[in-house]
Amino acid sequence: MKFAVLVFPGSNCDIDCYKAVEETIGQPVDYVWHTATDLSAYDCIIVPGGFSYGDYLRCGAISRFAPVMNEVAKAAEQGKYIIGICNGFQILTEAGLLPGALLRNTGMKFVCHDSVLQVENNNTPFTSEYELGEEIIIPIAHGEGNYYCDEETLEKLKTNNQIVFTYKNNPNGSLNNIAGVSNERGNVVGMMPHPERAVNEVLGTTDGKRMFTSILNSWRDQHDTASIR
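No experiment lies behind these values; they were computed from the predicted model shown. (Residues numbered from 1 in each chain as written. Predicted model: local features only at pLDDT ≥ 70, side-chain atom pairs only at ≥ 80, totals over all residues. Heavy atoms only, no water.)

A. Spotlight on the pattern of salt bridges. Overall, the coordinates contain ten salt bridges when judged by the stated rule. Two residues, Glu 94 and Arg 58, come together in a salt bridge whose shortest N-O distance is 2.9 Å. With Glu 94 in helix α3 (residues 87-94) and Arg 58 in the loop between β3 (44-47) and α2 (67-77), the pair connects residues that are 36 residues apart, well separated along the chain. What makes Glu 94 partly exposed here is its relative accessible area of 22%. (Salt bridge = Lys/Arg side-chain N within 4 Å of Asp/Glu carboxyl O. Helix = DSSP H or I, 4+ residues; strand = E, 2+ residues; numbered from the N terminus. Buried < 20%, exposed > 50% of the residue type's maximum accessible area, 1.4 Å probe, protein only.)

Here it is in structure tokens:
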């Protein structure tokens, strides 16, 4: 399975994501610059955190126009796995690949600490190794992580089981404590917490590791190859 980690001017979690793939599941992974116009070689695309384009206008508002995002949209239509983490989540919502928007934290401060999440949907390629309702510890680091959508969209998220993670203790004012959502198909997920920072005991938690094994095993199941549990 081949992974792409996108890199925008201002990305700062790209190395974390690269290392998480390399050291956690040992799969081929490349950095892909935001000007790239072909992602056909990749099975999973990671849109990492950071401050793309300095967060000018709005977080992700400029990045969504980068050439590579046209290819991300194509990959999503093809059913490839796409995950946006923190700023990557913001970019995916700006690009219309995920519903809703990320607003300024209600406390108007940058928050950076471990957060307890509840797994609301373990029937995605990114969460299949978790138990439904399981509580996991994943760190957060954001100033604009306040998830918002209108009532109609919220009802659709609930009906289609698109709410993937919720916060146990809401750190930013997110509607319904939402920490991560998927598209209707389930192959695109965005989340504010950082699973790539939770893959080694030295980091204080390994609860993010199963997200990467979930991705690999889901892909292997889909392609009828041996899964690693």
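Let's pick the thread back up.
B. View of α2. Looking at α2, one finds that the buried residues are Val 68, Met 69, Glu 71, Val 72, Ala 75 and Ala 76. When α2 is viewed along its axis, its buried side chains cluster within an angular range of 155° and face the same direction. Residues of α2 that are exposed and point over 90 degrees away from its buried face: Asn 70 and Glu 77. Looking one or two residues past α2, Gly 79 carries a phi angle of roughly 85°, positive in sign. (Arc of directions from axis to C-beta.)

C. How the structure looks around the pairing of β3. Here β3 shows no split at all, with Cys 44 and Ile 46 on one side and Ile 45 and Val 47 on the other all buried. Inspection of the sheet shows strand β1 (residues 3-7) paired to β3 by three bridges, in the parallel sense. Within β3, the position partnered with Phe 3 by the bridge is Cys 44. Strand direction decides the pairing type here: β3 and strand β4 (residues 81-85), joined by four bridges, are parallel. Across the sheet, Cys 44 pairs through a bridge with Tyr 81, a residue of β4. On the question of chirality, the crossover connecting β3 to the parallel β4 by way of α2 is right-handed. (Pairing = 2+ DSSP bridges. Right-handed = clockwise from strand over helix to strand, strands pointing away.)

D. Spatial organisation of the layout of surface pockets. Each pocket or cavity is described by its volume, and for the largest pocket that value is around 190 Å³. In terms of lining, the largest pocket is formed by 16 residues, of which the most central are Gly 50, Phe 51, Phe 110, Ala 141 and His 142. Residues that form the lining of the largest pocket fall into these classes: six nonpolar, six polar and four charged. (1 Å grid on protein atoms, 1.4 Å probe; cavity = no way out; pocket = protein on both sides within 12 Å on 5 of 7 lines; lining within 4 Å. Points joined across faces, edges and corners; volume = space filled by probe spheres on them. Nonpolar A, V, L, I, M, F, W, Y, C, P; charged D, E, K, R; others polar.)

E. Spotlight on the sheet that holds β4. Strand order across the open sheet formed by nine strands is β2-β1-β3-β4-β11-β10-β9-β6-β7, with mixed pairing between neighbours. One side of each edge strand has no neighbouring strand; the edge strands of this open sheet are β2 (29-33) and β7 (135-142). Within the sheet, the average angular offset between the axes of one strand and its neighbour, ignoring direction, is 25°. Against the sheet, helix α1 (residues 14-24) contacts β1, β2, β3 and β4, and its axis sits at roughly 155° relative to β2. (Axes fitted to C-alpha atoms, helices over the stretch in contact; angles between N-to-C directions. Contact = heavy atoms within 4.5 Å.)

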